[in-house]
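Observations on the three-dimensional arrangement
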Amino acid sequence: MEAAFIVLAVLAIVYVIMGVKMVTQGYQYTIERFGKFTAVAPPGLTLIMPFVDRVGRKVNMMEQVLDIPGQEIITKDNAMVAVDGVVFFQVLDAAKAAYEVSDLYRAIMQLSTTNLRTVMGSMDLDETLSKRDEINARLLVVVDSATEAWGVKITRVELKDIRPPADIVNAMTRQMKAEREKRASILESEGARQNSINRAEGEKQSQILEAEGRREAAFRDAEARERAAQAEATATKLVSDAIEGGSAQAINYFIAQKYVEAVALFATSPNAKTILFPVEATQLIGTLGGIGELARDAFKDKPVPAPVAPRRPGPFETPAE
């Protein structure tokens, strides 16, 4: 009796041990009962019924990386390029990843490869080399939409390398060199053009400033001549008024001044180095006196004001100096 109890106890312990399953972190196990999926075991300890339940698939729930093998693709302009890349994905539904697709890794790789051919085959060579971000985005949308039914989320699709043929690489190098030389020539010509423009602008400004200076100088000269003419006219009017008032000394002064100026012009004449021009003071005085006589004859009909006799100061006045 005791032996049978011990056997039953040992069998119970073995049964319990067989029914305890430990799921590691980052994985989920599918539980099958008589070959049919019943539940998903999360990380930790899980109890199942031995001989009835069993662990079906051990699904990795962490984000994983799948290499896309290198392949040759013909672009839209019939250029052949070698391309390889990587796909980042994560399983979100362990049951779908285990039972909706036969081989998840192979399915994702084949799906990525075929869509990569489709996307790059619709683009020119220059576009494939310059629009990697666009290619990655288009592949991500297509592959993620196709793997949604498998419980998988495609997080990133990246092209690692695009290798054109050697002759195309050489042609692109020559094209790049020619383009750089062209831009250098354009920059040099633009610099020369700007230099010429700046020089012309400087000359223009210089001429404008010079013209402004001449204009200002001419304006100043005209203003000076105008003021001199006004002064001359004023002096002449004063002399005329004095003559009209019967003052012979005014006309004598005026004529003597003009006479002296005329003699000075003879002395400064550039036509001769030496000028002999005898002028006696008595002749000049005689001339002035004759002019004065003419002036008195001209104004003989007009009364000449009599000289006013000086008044003797009074006893309380201060005599004038």
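Further up the page is the structure itself.
Here's what I pulled together on the structure shown here.

About the cut-offs
Residue positions within a chain follow its written sequence, with the count starting from 1. In keeping with the predicted nature of the model, local features appear solely for residues at pLDDT of at least 70, side-chain atom pairs appear and are counted solely at 80 or more, and the whole-chain, interface and lining totals rest on all residues. The side-chain numbers reported here are obtained from all heavy atoms of the structure, hydrogens and water having been left aside. Strands are runs of DSSP state E lasting at least 2 residues, helices are runs of H or I lasting at least 4, and numbering of each runs from the N terminus. Given a helix with a known number of residues, its expected span is that number minus one, times 1.5 Å. Exposure is judged per residue with a 1.4 Å probe applied to protein chains only, and the accessible area is read against the type maximum: over 50% gives exposed, under 20% gives buried, and values in between give partly exposed. Note on contacts: a residue pair is in contact if any heavy atoms of the two residues lie within 4.5 Å. Centre distance within 6.5 Å is the pairing criterion for rings of Phe, Tyr and Trp, where only the six-membered ring of Trp is used; planes under 30 degrees apart are then read as stacked, over 60 as edge-to-face, and the remainder as tilted. The salt bridge definition used is simple: a Lys or Arg side-chain nitrogen within 4 Å of an Asp or Glu carboxyl oxygen. DSSP bridges decide pairing: two strands pair if at least two such bridges lie between them. Axes, fitted as lines to C-alpha atoms, cover a helix only where it is in contact. Angles between the N-to-C directions of the axes lie from 0 to 180 degrees.

Some remarks on helix H3 (residues 104-121)
Here H3 contains 18 residues, and its C-alpha end-to-end distance of 26 Å stays within 8% of the 26 Å for a straight helix at 1.5 Å per residue. Listed as buried for H3 are Leu104, Ala107, Ile108, Leu111, Ser112, Thr113, Asn115, Leu116, Val119 and Met120. Of the surrounding elements, those touching the buried residues of H3 are strand E6 (64-74), strand E7 (80-91), helix H2 (94-99), helix H4 (125-130), helix H5 (132-147) and strand E8 (152-163).

Some remarks on the packing of aromatic side chains
Scanning all chains against the criterion turns up 2 aromatic pairs. Where Phe89 meets Tyr105, the ring centres are 5.9 Å apart and the plane angle is 65 degrees; that geometry is what we call edge-to-face. Within this pair, whereas Phe89 is found in strand E7, its partner Tyr105 is found in helix H3, the two being separated by 16 residues in sequence.

Describing the pattern of salt bridges
Where charged atoms from two side chains of opposite charge approach closely, those side chains can pair. In this structure the tally under the stated criterion is 13 salt bridges. In this structure, Arg156 engages Glu158 in a salt bridge whose closest nitrogen and oxygen atoms are separated by 2.3 Å. Overall, the relative accessible area of 25% leaves Glu158 in the partly exposed class. Salt-bridge contacts for Glu212 lead to Arg215; the nearest nitrogen and oxygen are separated by 3.8 Å.

Topic: the sheet that holds strand E3 (residues 36-41)
With antiparallel pairing, the 3 strands of this open sheet are ordered in space as E3-E2-E5. Because the sheet does not close on itself, it has two edges, and the strands there are E3 and strand E5 (53-60). Across the sheet, the axes of successive neighbouring strands diverge by a mean angle of 30 degrees, strand direction being ignored. With 5 bridges connecting them, strand E2 (residues 27-33) and E3 associate as antiparallel partners.

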